[in-house]
Amino acid sequence: MTVPSRGTSPGSAAEETEARDPAADPEEAVADEGSGGAVDGEGAPDAGHGEDGEVSKESKESKDADEAKEAEAADGGLSEAEAELAAQRELRAKIEQRKAERDEPIHSGGKLRGTAADLLAAVRAVESGEKPGPEFYDSPSPSAGGTPTANAPAPRRIAPAPEAPVRTGLPGPTPEPRAAAPETVAAVQAVLAQGGAPETLAPHVAQVLGESAADVLSEDPWQLLAVPGVRPEQADGFARALLGARCGPGDERRTSALVTWLLERAALQGHTALEASQVREGLAGHSVPGPDEAVQQAISDGLVLVFQDGPEETEDIDGEEAAAEAPVPVLLGLDRYAMAEESLADGLARLVRTGPDDAWEGSELARAAGAHGLVVHTGGEAARAEPVELAERARGLGLRTVVAVHGDNGRHRLGAQAAAVTVPDLLSGTAGPGRDAEGALALDLLVVLDAPQLDVETAAMLVESMPDGGRLVLSGDPGVLGSAGAGRVFADVLAARVCPQIASRTPDPGPIGELVSGIGIGELSQVEAPGKEVVIVPVRDAGEAVHRTVQLVADSVPRAIGVPPEQTQVITVGHGGSAGTRALNTALKQRLNPGPGRFGGFDAGDRVAYAPAPGRTLTGTVVSAAADGLHLDCEGSSVVVPKDQVESALRHGWALTAHQAAGMRWPAVVVVLPGDAAQGLSRPWVYTAFGRGERHLSVVHGVDQALTRAVTEIPGPERTTRLRTLLEGLLAPSN
């Protein structure tokens, strides 16, 4: 497992770069990719269903009932027909019970099985005092491949997949976060004012901490760190104002909040877990006097989970245990990401075990989809036609088929014939086939394009929603930037090699396709562009970069290429800096749509980027304002941004970051690389930014040799995740 690089300190120059986008600056997390637009934890998937890892309770009950039925029939108590009718009545009763369970609130951990259940049980044992925190910390998780302790549950063994597995607790649509009651907001405002914090934070605090937010904040001021965008030094100042001399750097409330904050911050950078040593270093960087004790206390309090995923110990020829070649690091993670990753691994394993279907024939991709329940397809923009063609063939066979994409931009690029839906709309039920009586999506084949943009929580909900016997094709370009949320689902599935991988041989056409293909293999070379498909515009400083960008969008590209300004997208490295999205959007608005910003800083006709949910960016145009909020036209769909979300979830959108632009394309793209952007460049960033243009790419170039170094030497920041290890463990050959 690759150890992630340590995050830069607050306020450093790196926070203005794409290397940590979409949440390089926590204050920008709300509007960047929507990471703060919804309450963390709202709508989290019902994780941890181990359908294939162990025999379900329902399956055991069904088996017991069958045996009882046979015994009773043998004794003459019931005829065979009567026994069958009794079994059918019992089955119908169980189905009704499962339907009722889906309508009931799910208690934390109530639906977990396997490793996730073991971990949660261990945490609860610590909380109840049955097992001390240090013992839990020092003992690797047996379910994760470590050495079991005397009191630890036995390692999970993979049971054969049942012919008709029974699945319960399927995730439904993610609920929208509810606005807090006015009286709750007012009470929070009073506490914030007492501590000298901005009262404008009150709605966010009330939404995150709930109805008792004011009391919670009064008792534990560091809970303010749970609000996206709040920094530790701000929470410290708030705590000092409220508590005075009663608080200090080693306050248990402070250290617990900092542990959670460090892991949430890591999730914004894509990690689902961090090495324990990194958490300790992060605590030391915030003046915590006893980092080791603070970490152990957080574990004892059940704030974090502990993992030690790695290969199981093997025995040598003399029967002695052989140690692994390298020590397996101890990881710490938040339960929401741990449960999602466990659930996703179990769901993918279930799909991998799906049997073949002889009705499939044709292309290599079609044959793979017919023989396997999970298939990975890789390729660039032109290769998207291959899984779309597969979906059309499946429909011709009478199969219920859905093509899902990352966003509306990708849906429109496919055209009406593909009948594609977005992943959020598919999960929410606003588009697609709906769900069957068991809560699974009513389909036989799901083709997901832009799969690298799937974060672990969304992927878990998607995979858990797949019906038994259904087939899933994950398609995407492995060279692009990963998801805005935590995880690297597509890359981990590729690395695990647990299913067929079909690599497209269809290259992206034209000079842009040639340039981007070279970048993908670490080469930056000149390409012939007789039609001015690729243009390099050298600049000396950031001021000139902004000037030339505005000139390109407003004059040069429309005149030379024929692409109007509203179809040209600017992409830059970060939000801050003299040529970041803020500066560029200000200059572009002044030139293309000047106005006083009548609607919360926006005017009719402004291009905007709206983040309605974590990891999802909608681009559109302001239409009007009304009492219910700001009305947008997003790719032909009408969207209303509530008034209380305009400031936090809406930005001007003439200029975006590459993370925001991932999964989308435009007729023309202008990529801006000012001199201070060099540290934010990597091969995936350049590959993603340069690949967003369909007909034209202009590069405003001010980073000298840093661009070449980024392409040839910097593969991009790694993410610490557990999915690959979990998949390899679940699908390892049985001994």
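First, a word on scope: everything that follows refers to the structure included in this document.

The rules we used
- Residues numbered from 1 in each chain as written.
- Predicted model: local features only at pLDDT ≥ 70, side-chain atom pairs only at ≥ 80, totals over all residues.
- Heavy atoms only, no water.
- Helix = DSSP H or I, 4+ residues; strand = E, 2+ residues; numbered from the N terminus.
- Buried < 20%, exposed > 50% of the residue type's maximum accessible area, 1.4 Å probe, protein only.
- Contact = heavy atoms within 4.5 Å.
- Axes fitted to C-alpha atoms, helices over the stretch in contact; angles between N-to-C directions.
- Parallel < 35°, antiparallel > 145°, perpendicular 65-115°, else oblique.
- Left-handed = near helix turned anticlockwise from the far one by under 90°.
- Nonpolar A, V, L, I, M, F, W, Y, C, P; charged D, E, K, R; others polar.
- Phe/Tyr/Trp six-rings, centres within 6.5 Å; stacked < 30°, edge-to-face > 60°.
- Lys NZ or Arg CZ within 6 Å of the ring centre and 35° of its normal.
- Pairing = 2+ DSSP bridges.
- Expected span 1.5 Å × (residues − 1).
- Arc of directions from axis to C-beta.
- Salt bridge = Lys/Arg side-chain N within 4 Å of Asp/Glu carboxyl O.

## A short note on the overall build of the chain
Then, in step 1: Scanning the chain from terminus to terminus reveals 27 helices and 21 strands.
Then, in step 2: Within the chain, buried positions represent 53% of all 735 residues.
Then, in step 3: Nonlocal contacts in the chain, meaning residues at least 24 apart in sequence, comprise 73% of its contacts between residues at least 6 apart.

## Details of the packing of helix α21 (residues 542–560) against helix α22 (residues 581–592)
Then, in step 1: Two numbers describe how α21 lies on α22: the axes approach to 10 Å, and their chain directions differ by 40 degrees. As summarised for this structure, α21 and α22 are arranged oblique, according to the angle between their axes. Where α21 crosses over α22, the two elements pack in a sense that is right-handed. Across the interface between the two elements, Val-546, Thr-549, Val-550, Val-553, Ala-554 and Asp-555 from α21 touch Leu-584, Ala-587, Leu-588, Arg-591 and Leu-592 from α22.
Then, in step 2: For the contact of α21 with α22, the class distribution of residues is eight nonpolar, one polar and two charged.

## Section: the side chain of His-286
Then, in step 1: Here His-286 is to be found in the loop between α11 (276–285) and α12 (291–300).
Then, in step 2: A relative accessible area of 16% places His-286 in the buried class.
Then, in step 3: Those residues within four positions of His-286 in sequence are excluded, and the remaining contacts are Pro-232, Arg-254, Leu-258 and Trp-261.

## Focus on the packing of aromatic side chains
Then, in step 1: Enumeration according to the criterion identifies zero aromatic pairs in this entry.
Then, in step 2: Positioned over the ring face of Phe-307 is Arg-722, at 3.8 Å from the centre of the ring.

## Details of the packing of helix α20 (residues 510–520) against helix α25 (residues 683–690)
Then, in step 1: Running from amino to carboxyl end, α20 crosses α25 at an angle of 170 degrees, the nearest separation of the two axes being 9 Å. Classed by the angle they form, the pair α20 and α25 counts as roughly antiparallel. Between α20 and α25 the crossing geometry is left-handed. In this structure, α20 uses Ile-512, Leu-515, Val-516, Ile-519 and Gly-520 to contact α25, whose residues at the interface are Arg-683, Val-686, Tyr-687 and Phe-690.
Then, in step 2: The residue inventory of the contact of α20 with α25, partitioned by class, reads seven nonpolar, one polar and one charged.

## A look at the sheet that holds strand β18 (residues 650–652)
Then, in step 1: Read across the open sheet, the five strands follow the order β17-β16-β15-β14-β18; overall the sheet is antiparallel. At either margin of the open sheet sits one strand with a lone partner, and together these are β17 (637–641) and β18. Going across the sheet, the axis of each strand differs from the next one's by a mean of 40 degrees, ignoring polarity.

## Some details on the sheet that holds strand β2 (residues 305–307)
Then, in step 1: Ordered by their spatial adjacency, three strands build an open sheet running β1-β5-β2, and the pairing between neighbours is antiparallel. A strand with exactly one partner marks an edge of an open sheet, and here the two such strands are β1 (274–275) and β2.

## Some details on the pairing of strand β16 (residues 629–634)
One face of the sheet, then the other: side chains in a regular strand alternate in exactly this way.
Then, in step 1: With five bridges joining them, strand β15 (residues 616–626) and β16 adopt antiparallel strand pairing. Across the sheet, Ser-624 pairs through a bridge with His-631, a residue of β16.
Then, in step 2: Hairpin connection between β15 and β16: a loop of two residues separates the two successive antiparallel strands.
Then, in step 3: Relative to β17, β16 runs antiparallel, the two being bridged by five bridges. Along β17, the bridge assignment pairs His-631 with Val-640.
Then, in step 4: Connecting β16 to the next strand, β17, in antiparallel fashion are two residues, including Glu-635 with a positive phi near 55 degrees.

## A short note on unusual backbone geometry
Then, in step 1: A positive phi angle, close to 55 degrees, is found at Arg-497, a residue other than glycine.
Then, in step 2: Looking at where Arg-497 falls in the secondary structure, it is placed in the loop between α19 (489–496) and β11 (501–503).
Then, in step 3: At Glu-635, a residue that is not glycine, the phi angle is positive and equals roughly 55 degrees.
Then, in step 4: When you line up the elements, Glu-635 lands in the loop between β16 and β17.
Then, in step 5: Taking the relative accessible area as the measure of exposure, Glu-635 reaches 26% and is therefore partly exposed.

## Re helix α6 (residues 182–194)
Then, in step 1: Taking 1.5 Å per residue as the helical rise, α6 with its 13 residues ought to reach 18 Å, and the 19 Å between its terminal C-alpha atoms agrees with that figure.
Then, in step 2: For α6, the complete set of buried residues consists of Thr-184, Val-185, Val-188, Val-191 and Leu-192. Down the axis of α6, the buried set is contained in an arc of 120 degrees. They therefore lie on one face. For α6, the exposed residues set more than 90 degrees away from the buried face come down to Pro-182, Glu-183 and Gln-194.
Then, in step 3: If you follow the buried residues of α6, they end up packed against α7 (202–209), α8 (213–219) and α9 (232–243).
Then, in step 4: Phi for Gly-196, located one or two positions after α6, is positive at around 75 degrees.

## Considering the pattern of salt bridges
Then, in step 1: Following the criterion strictly, the structure yields 22 salt bridges and no others.
Then, in step 2: Sharing partners across several salt bridges, the network here consists of Glu-381, Arg-384, Arg-413, Asp-450 and Arg-665.

Just geometry here; none of it tells us what the structure is for.
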